[in-house]
Amino acid sequence: MVPGNDARALRVMWVDSHCHLDADTWPLGPDAVLARARAAGVVGFVVVGVGGVAAARGAVDLATRNGDVWAVVGVHPHDAAQYAAMCPEIVPLLGVERVVGVGETGLDYHYDHAPRVDQHTAFRASIAEARQAKLPIVVHTRSAAADTLAILTEEDAREVGGVIHCFSEDRAFARSALDLGFYLSFSGIVTFRNAAAIRDVAAWAPSDRVLIETDSPYLAPEPFRGRTCEPAYVVHTARRIAELRGMTLDRFADLTMENTARLFGLPLGRMTGTAHPA
Ligand SMILES: [Zn+2]
Ligand SMILES: [Zn+2]
């Protein structure tokens, strides 16, 4: 039995716009995880390599070995104090063909694992790198809405755009992010009982700016909440959002795929249809 799989979901194709497939979560490697997701209809994976240089290199290697995987690399706000030390090894990876974004960068005032002043410096510098590399920015923001929007604006993030990943803010934040040209990516949180405000945004967001993600290994959607999240589960998050938007699964799958492809410049879309069992 494949997690996240059912007869109806098999007919449609999904892309997980943000997942982590690091060896510390899956010591046997990501191949079986990817295989389960493919069996559930996931045809594209944007793998985010953060937490150190090894994780960034791991994501790039995975993307190089798998035609349906692309990598995003950067310095997580949790590691912002080490930004200057990591930079010389991470920035050159932005030139690798299968690296399609910078991040996840941003601000996390919930955990405050790094001093805020370091988070600001790293976030600003990451936006500058993204502009230099002409790559979109993957933004992580938690309990830091006003400063996140201020820095995105001041650093002209609009020039390359990007995505607010694991969206967990309100409509006012969403409007500002959309005005900056950003996409909104929804995770398994939309299936949680206490997430009405996020569901409101997921139901309302413009169809050409919605993405879906697992943020695997975190935030497994219901009915898997509390387990190690994996990309196969994106189907459950998608089903909930399609329902909220009053859309068929097929149409929602098509639009999230088109949006992800447009944002990251991925060759995904209807042409991948032949690779997937109908
Ligand atoms: Zn994040
Ligand atoms: Zn993440």
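Structure's up top.
Everything in this summary refers to the structure shown in the same document. (Residues numbered from 1 in each chain as written. Chains lettered and ligands numbered in written order. Predicted model: local features only at pLDDT ≥ 70, side-chain atom pairs only at ≥ 80, totals over all residues. Heavy atoms only, no water.)

Turning to the coordination of the zinc ion (ligand 1), a few remarks are in order. Protein ligation of the zinc ion (ligand 1) involves Glu104 (OE), His140 (ND1) and His165 (NE2), the donor distances falling in the range 1.9 to 2.1 Å. Spacing between the donor residues of the zinc ion (ligand 1) along the chain follows E-x35-H-x24-H. Separating the zinc ion (ligand 1) from the zinc ion (ligand 2) is a gap of 3.5 Å, bridged by glutamate 104, which donates to each. With histidine 140 in strand S5 (residues 137–142) and histidine 165 in the loop between strand S6 (162–164) and helix H6 (171–179), this residue pair connects regions lying 25 residues apart in the sequence. With a relative accessible area of 13%, histidine 140 lands in the buried category. Classification of histidine 165 by relative accessible area gives buried; the value is 3%. (Donors = N, O, S within 2.8 Å, 3.2 Å for Na, K, Ca; no water. Helix = DSSP H or I, 4+ residues; strand = E, 2+ residues; numbered from the N terminus. Buried < 20%, exposed > 50% of the residue type's maximum accessible area, 1.4 Å probe, protein only.)

As a further point, take the packing of aromatic side chains. Enumeration according to the criterion identifies four aromatic pairs in this entry. Considering the side-chain rings of phenylalanine 224 and tyrosine 233, the 4.1 Å spacing of their centres and the 10° angle between planes classify their relative orientation as stacked. On the basis of relative accessible area, phenylalanine 224 is assigned to the buried category, the value being 13%. An aromatic cluster is defined as three or more aromatic residues linked by ring pairs; in this entry it consists of Phe167, Phe173 and Phe186. When the ring centre of tyrosine 109 is taken as origin, the NZ or CZ atom of arginine 116, which lies over that ring, is 3.9 Å away. (Phe/Tyr/Trp six-rings, centres within 6.5 Å; stacked < 30°, edge-to-face > 60°. Lys NZ or Arg CZ within 6 Å of the ring centre and 35° of its normal.)

With that settled, consider the pairing of strand S7 (residues 182–186). Within S7, five of the five residues are buried, leaving the element largely enclosed by the surrounding structure. The alternating pattern of S7 places Phe182, Leu184 and Phe186 and Tyr183 and Ser185 on opposite faces, both of which are buried. Where the polypeptide runs from S6 across H6 and back to S7, its parallel neighbour, the crossover connection is right-handed. Pairing of S7 with strand S8 (residues 210–212) involves three bridges; the strand directions are parallel. Each residue of the ladder has a partner; that of serine 185, found in S8, is leucine 211. (Right-handed = clockwise from strand over helix to strand, strands pointing away. Pairing = 2+ DSSP bridges.)

The subject of this paragraph is the layout of surface pockets. Where empty space is left in the structure can be found by rolling a water-sized probe over the atoms. Volume-wise, the largest pocket comes out at about 660 Å³. Contributions of two or more residues to the lining of the largest pocket are made by strand S4 (99–108) and S5. Looking at the lining of the largest pocket, its residues break down into eight nonpolar, nine polar and eight charged. (1 Å grid on protein atoms, 1.4 Å probe; cavity = no way out; pocket = protein on both sides within 12 Å on 5 of 7 lines; lining within 4 Å. Points joined across faces, edges and corners; volume = space filled by probe spheres on them. Nonpolar A, V, L, I, M, F, W, Y, C, P; charged D, E, K, R; others polar.)

Time to look at the coordination of the zinc ion (ligand 2). Distances from the zinc ion (ligand 2) to its protein donors, namely His18 (NE2), His20 (NE2), Glu104 (OE) and Asp215 (OD), fall within the range 2.0 to 2.4 Å. Classification of the site at the zinc ion (ligand 2) rests on its four donor atoms, whose angles at the metal span 88 to 177°, yielding the label irregular. Look at where the donors of the zinc ion (ligand 2) fall in the sequence and you get H-x1-H-x83-E-x110-D. What makes histidine 20 buried here is its relative accessible area of 5%. (Tetrahedral: all angles 85-135°; square planar, octahedral: opposite > 155°, others 65-115°.)

A few words now on the state of the cysteines. For the structure on display, the rule yields zero disulfides. In this model cysteine 19 remains outside any disulfide bridge; the closest cysteine sulfur is found in cysteine 229, 9.1 Å from its own. Judged by relative accessible area, cysteine 19 falls into the buried class, the value being 0%. With relative accessibility at 0%, the residue cysteine 229 sits in the buried group. (Disulfide = S-S within 2.5 Å.)

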